[in-house]
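A look at the structure
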Amino acid sequence: MVKFSKELEAQLIPEWKEAFVNYWQLKKQIKRIKMSKTPNQNHHNTSNSIFDSICFIAKKISLNLSSPSDHDNTNIIKVRKKTIQDSGEEIYQTELVQLFSEEDEVRVFFLKLDEELNKVNQFYIKQENEFLERGETLNKQLQILLDLKKIIEDRRRKNYPTTKTNNAETFPRSPARDSSYSESFGDSDETNSEISHTDEVIASLEKNGVNFVNSATRTKTKKGKPKMAMRIDTPATNATRAITAITSMLWEDLVNNPSGDFIHKKKIQCAEKMIRSAFVELYRGLGLLKTYSSLNMVAFSKILKKFDKVSCQKASSNYLQEVKRSHFVSSDKVVRLMDEVEFIFTRHFANNDRKRAMKFLRPKQNKDSHMVTFLVGLSTGCFVSLFCVYAILAHLCSIFSPNYESSYMENVYPVFSVFALLSLHMFMYGCNLYMWKRTRINYNFIFEFSPKTSLKHIDAFLICTTLMTTVVGAMVVHLLLRAAGFSPSQIDALPGILLMIFIALLFWPLDILYRPTRYCFIRVIRNIICSPFYKVLLVDFFMADQLTSQIPLLRHLETTGCNLSSKVFRTHHPDTCHSGRLYIEMTYCISFLPYIWRVMQCARRWYDDHDVNHLANMGKYISAIVAVGARVTYNRQSDHLWFAIVLITSVVATIYQLYWDFVKDWGFLNPNSRNPWLRDDLVLKRKSIYYMSIALNIVLRVTWVETVMPFKVGPVESRLLEFLLAALEVIRRGHWNFYRLENEHLNNVGHYRAVKTVPLPFRETDSDY
């Protein structure tokens, strides 16, 4: 049987952990009460113990004589509910009306119990009010949406004169709408007695002061007040929406609709999706609050039963009744709001199909499959066997000897290095997923992944091992074909073919081979490329940081593409893929590109948030661009001047990066922390792991020193050393990922963020967004 403390630890909401009843502290206090009941066996305290016992018996006899019932031991405590005048909050205070032998410890226990009950109750009331307010706002948003949809439906049914352009309908402002609008702002010059039902809907929206986000065009009344623009603009949360918003805004405002009275069908559909997502998140938050209430209720009942068992009394019955009457247990507002959300969602977003609605409101998480675990073990065994075969064949064929032809290292090695680095990164990501799950870091919530389709650690390991098994198998086949006497020009295309197959699988439209994950990766890469045009999400800049650690992989792709184009299309000589001017320029571009994307993301975040830290972060990537450019130049023209430039720029960039890693990304190096030079809250129990991680990150950050050291090695050793350094950077990034997300998770915990806030499409005119 699992202990309740472990069950509570496994089921509680990580972001609300501090708001839960401190079950473990109360258990410790009960242990102190139990210890205080143990008689003292020391001889020199015998007289004091006898004296204390006599005093205790005398007090107990006097209390029993004054008590109305001699055998009633259920009323030995009294719980009082008081209301604070300033805030109006209700708090509980417990008084002992009967003497305990361990009176001091019992008083401390009930004092702490009162504190926990008040904490739970107040947190529940706060969250409940926030969700109720959110529900009222969503009902208003839904009513506006239904009114707008009715406008389009009525216009279409009654064949009102409309101008249709680009799936949009532009409506001329009727006199009735002007009259209704004028009344809402005190302008009585514009009146009209006849008004249609559709125009009444529009007028009521305007009278309520309804405006739409990012309304670009406003006209004014005679008194100079802004008039309403019937427009729906949605936030640019991805590149497609951003580009569409810009083009549609220019087209609508400058060409179609200079007056601003505009209703766009596609934007109404997008607004409907936003409101639907908001209802889903509201329902999820209500479910979490319901779980919060039930777990705390069980925790209070368990701890009070333990107290009764230790004290040999039935002292907790009164207290447990007060707990059951408290707001977080007795309130049914959350349950009623959940039923209301289910009804609204089923009616308006699921065509009265409750089963379909529950798929959105209560998505089921896929359980770990034993078959996946078996396939991981099988593919790992195949990978090890094939790698041993490849090592033996490579030794027999003298592939890595200096006298062997260099075409293998120039044409074949880059492609296989791409797969190896990609597999290593996937393996590190699988380790991250495993550690995040073990430490209860809610990575799905942070990245805004769907729990139903998100990648699990065992799936990441399966992708990694399958990819490497396939690649090593292709390497073995390649060597066997070479040994069989096939022309190198024919079989050297095998790695390129394998690369094209994997790229095709990435875009494969069928719902197999983790399509949601593949398409999510494609969307994130697209968002990174188009980062200046839309609001940057955490998953976007997190993935862009991964790309800064995969610059060697991008360079290998450049070499592979150059070699394939020279052989297949015969556009240039293969030697230009090493010393050509265009190749060198492309090397600079590829080395800078991931950092440039991060610079653009930081600039966009500063534009959206007006936070100077984003500009400071942008400076870090600019310093990295300068350092990388200096190292690339030094590799091509080694002299003392460029060595000094590389040394200065790399040292500055490394110090900048280390400071940002430890202070900003990880939240460490806090001198006032209760954990010396770390942070106040830590997920891992052993502090030594954090100190070792700091030292490891410093060592892996300075691996660039090897690239500027005057080591004389052969071309094969140079390639292998380059791959080793690239692999160390991937390992460093995987190591960095855990602490970066741990810090983000603790920030959510500090602000009790357990539910995503979905932006809403409509707002009132005078509200500040």
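These figures come from a predicted structure and were not determined experimentally. (Residues numbered from 1 in each chain as written. Predicted model: local features only at pLDDT ≥ 70, side-chain atom pairs only at ≥ 80, totals over all residues. Heavy atoms only, no water.)

Another aspect to go through is the overall build of the chain. The helix and strand tally for the chain stands at 28 helices and seven strands. Relative to its full complement of 769 residues, the chain shows a buried share of 44%. Across the chain, contacts joining residues at least 24 apart in sequence account for 73% of those joining residues at least 6 apart. Total accessible area on the chain is roughly 41,300 Å²; 60% of this is exposed by carbon and sulfur atoms. (Helix = DSSP H or I, 4+ residues; strand = E, 2+ residues; numbered from the N terminus. Buried < 20%, exposed > 50% of the residue type's maximum accessible area, 1.4 Å probe, protein only. Contact = heavy atoms within 4.5 Å. Areas by Shrake-Rupley, 256 points an atom, 1.4 Å probe, with all protein chains shown as cover.)

Among all positions of helix α1 (residues 4-11), only Phe4, Ser5 and Leu8 are buried. End-on view of α1: buried residues confined to an arc of 105°, all on one side of the axis. Facing away from the buried side of α1 by over 90 degrees, the exposed positions are Lys6 and Ala10. (Arc of directions from axis to C-beta.)

Now for the side chain of Asn444. Position of Asn444 relative to the elements: it lies in helix α15 (residues 443-447). Here Asn444 falls in the buried class, since its relative accessible area comes to 14%. Apart from the residues lying within four places of it in its own chain, the contact partners of Asn444 are Phe449, Pro451 and Ser454.

For Lys27, the location among the structural elements is in helix α2 (residues 23-37). For Lys27, a relative accessible area of 24% translates into the label partly exposed. Residues Lys27 and Phe307, spaced 280 residues apart in sequence, show a C-alpha to C-alpha distance of 8.8 Å.

This part takes up a nonpolar patch on the surface. Residues Ile497, Ile501, Leu505, Trp508, Leu510, Ile512 and Leu513 make up a contiguous nonpolar surface patch of roughly 640 Å² in combined accessible area. By the secondary structure assignment, Leu513 is in the loop between α18 (493-506) and α19 (515-529). (Patch = residues over 30% accessible without salt bridge, like charges linked within 9 Å, V, L, I, M, F, W, Y side chains within 5 Å. Salt bridge = Lys/Arg side-chain N within 4 Å of Asp/Glu carboxyl O.)

Our focus in this paragraph is a positive patch on the surface. A cluster of basic residues, Lys3, Lys6, Lys28, Lys31, Arg32, Lys34, Lys302, Lys305, Lys306, Lys309 and Lys324, forms a positive patch at the surface. Elements with a contribution of two residues or more to the positive patch: α2 and α8 (265-311). Its place among the elements puts Lys306 in helix α8. Note on Lys306: relative accessible area 35%, which makes it partly exposed. (Lys, Arg positive; Asp, Glu negative; His and termini not counted. Charge placed at Lys NZ, Arg CZ, Asp CG, Glu CD.)

This paragraph deals with the nonpolar core. Proteins that are soluble and globular tend to have nonpolar side chains buried together. Counting 71 residues, the largest nonpolar core has Trp16, Phe109, Leu113, Phe279, Tyr292 and Tyr319 as the members making the most contacts within it. Looking at this core, the elements with two or more residues in it are α1, α2, β1 (77-83), α4 (103-158), α8, α9 (316-325), α11 (333-348) and α12 (354-361). Broken down by element, this core gets its largest block of residues, 20 residues, from α8. Apart from residues lying up to four places away in sequence, Leu113 is in contact with Leu26, Phe300, Ile303, Leu304 and Tyr319. With 30 residues, the next largest nonpolar core counts Tyr443, Ile528, Phe542 and Trp597 among its residues. (Core = buried A, V, L, I, M, F, W, Y, C linked by side-chain atoms within 4.5 Å.)

Our next topic: the packing of α19 against helix α20 (residues 538-548). Two quantities define a packed helix pair, namely the angle between the helix axes and the distance between the axes. It is the contact of α19 with α20, at a shortest axis distance of 9 Å, that shows an interaxial angle of 85°. Classed by the angle they form, the pair α19 and α20 counts as roughly perpendicular. Contact residues: α19 offers Phe521, Val524, Ile525, Asn527 and Ile528, while α20 offers Val539, Asp540, Met543, Ala544 and Leu547. Residues of the contact of α19 with α20, tallied by class, amount to eight nonpolar, one polar and one charged. (Axes fitted to C-alpha atoms, helices over the stretch in contact; angles between N-to-C directions. Parallel < 35°, antiparallel > 145°, perpendicular 65-115°, else oblique. Nonpolar A, V, L, I, M, F, W, Y, C, P; charged D, E, K, R; others polar.)

Considering all chains together, one arrives at 34 aromatic pairs under this definition. Taken together, a centroid distance of 4.9 Å and an interplanar angle of 45° make the contact between Trp666 and Tyr739 tilted. Residue Trp666 is found in the loop between α25 (640-665) and α26 (687-701), and its partner Tyr739 is found in helix α28 (residues 715-750); the two are separated by 73 residues along the sequence. Aromatic rings pair up to connect Tyr429, Trp436, Tyr443, Phe447, Phe449, Phe542 and Trp736 into one cluster. The ring of Trp660 carries the charged tip of Lys664 above its face, separated from the ring centre by 5.8 Å. Sitting above the plane of the Trp736 ring, Arg733 keeps its charged end 4.6 Å from the centroid. (Phe/Tyr/Trp six-rings, centres within 6.5 Å; stacked < 30°, edge-to-face > 60°. Lys NZ or Arg CZ within 6 Å of the ring centre and 35° of its normal.)

With that settled, consider the environment of Gly750. Following the sequence through the fold, Gly750 ends up in helix α28. Sequence-wise, Gly750 and Glu18 are 732 residues apart; in three dimensions their C-alpha atoms are separated by 8.5 Å.

Moving on, we get to the packing of α26 against α28. Viewed as axis vectors pointing N to C, α26 and α28 meet at an angle of 140°, and their least axial separation amounts to 10 Å. Here α26 is positioned oblique relative to α28, judged by the angle of their axes. As α26 runs across α28, the sense of the crossing is left-handed. Between α26 and α28, the contacting residues are Ile689, Tyr690, Ser693, Leu696, Asn697, Leu700 and Arg701 on the first element and Leu728, Glu729, Arg732, His735, Tyr739 and Glu742 on the second. Here the contact of α26 with α28 is composed, by residue class, of six nonpolar, three polar and four charged. (Left-handed = near helix turned anticlockwise from the far one by under 90°.)

For α26, which comprises 15 residues, the first-to-last C-alpha distance of 22 Å matches the rise-based estimate of 21 Å (1.5 Å per residue) to within 8%. Among the residues making up α26, those that are buried are Tyr690, Ser693, Ile694, Asn697, Leu700 and Arg701. Considered in projection along α26, the buried side chains sweep an arc of 140° and stay on one side of the axis. Exposed side chains of α26 directed beyond 90 degrees from the buried face belong to Met692 and Val699. Turning to α26, the residues buried within the fold contact α25 and α28. (Expected span 1.5 Å × (residues − 1).)

Summarising the model, the chain shows a mean pLDDT of 78, and 75% of its residues fall at 70 or more. A low-confidence stretch, residues 40-49 (pLDDT under 50), is modelled with two contacts involving residues beyond four sequence positions or located in other chains. Confidence drops under pLDDT 50 across residues 211-231; counting only partners more than four residues distant or on other chains, this segment forms 77 contacts. (pLDDT = per-residue confidence, 0-100.)

Now for the environment of Ala627. Inspection of the secondary structure assignment puts Ala627 in helix α24 (residues 612-636). With relative accessibility at 3%, the residue Ala627 sits in the buried group. Taking the C-alpha atoms as reference points, Ala627 and Val651, 24 residues apart in sequence, are found 8.5 Å from one another. Leave out the neighbours within four places in its chain, and Ala627 touches Thr649, Ser650 and Ala653.

What follows is about unusual backbone geometry. A positive phi angle is found at Arg440, which is not glycine, with a value near 60°. With respect to the helices and strands, Arg440 occurs in the loop between α14 (407-438) and α15. Positive phi is not limited to glycine here, since Leu669 has a value of about 60°. Counting through the fold element by element, Leu669 comes out in the loop between α25 and α26.

One side chain can pair with another of opposite charge once the charged atoms of both are near each other. The tally for this structure, following the rule as stated, stands at 17 salt bridges. Note that Arg740 is salt-bridged to Glu744, the shortest N-O span being 3.3 Å. Of this pair, Arg740 and Glu744 both sit in helix α28, four residues apart, which is roughly one turn of that helix. The burial state of Arg740 is the same as that of Glu744; both residues are buried. Several salt bridges share partner residues, and in doing so they unite Asp661, Arg701, Glu729 and Arg732 into one network.

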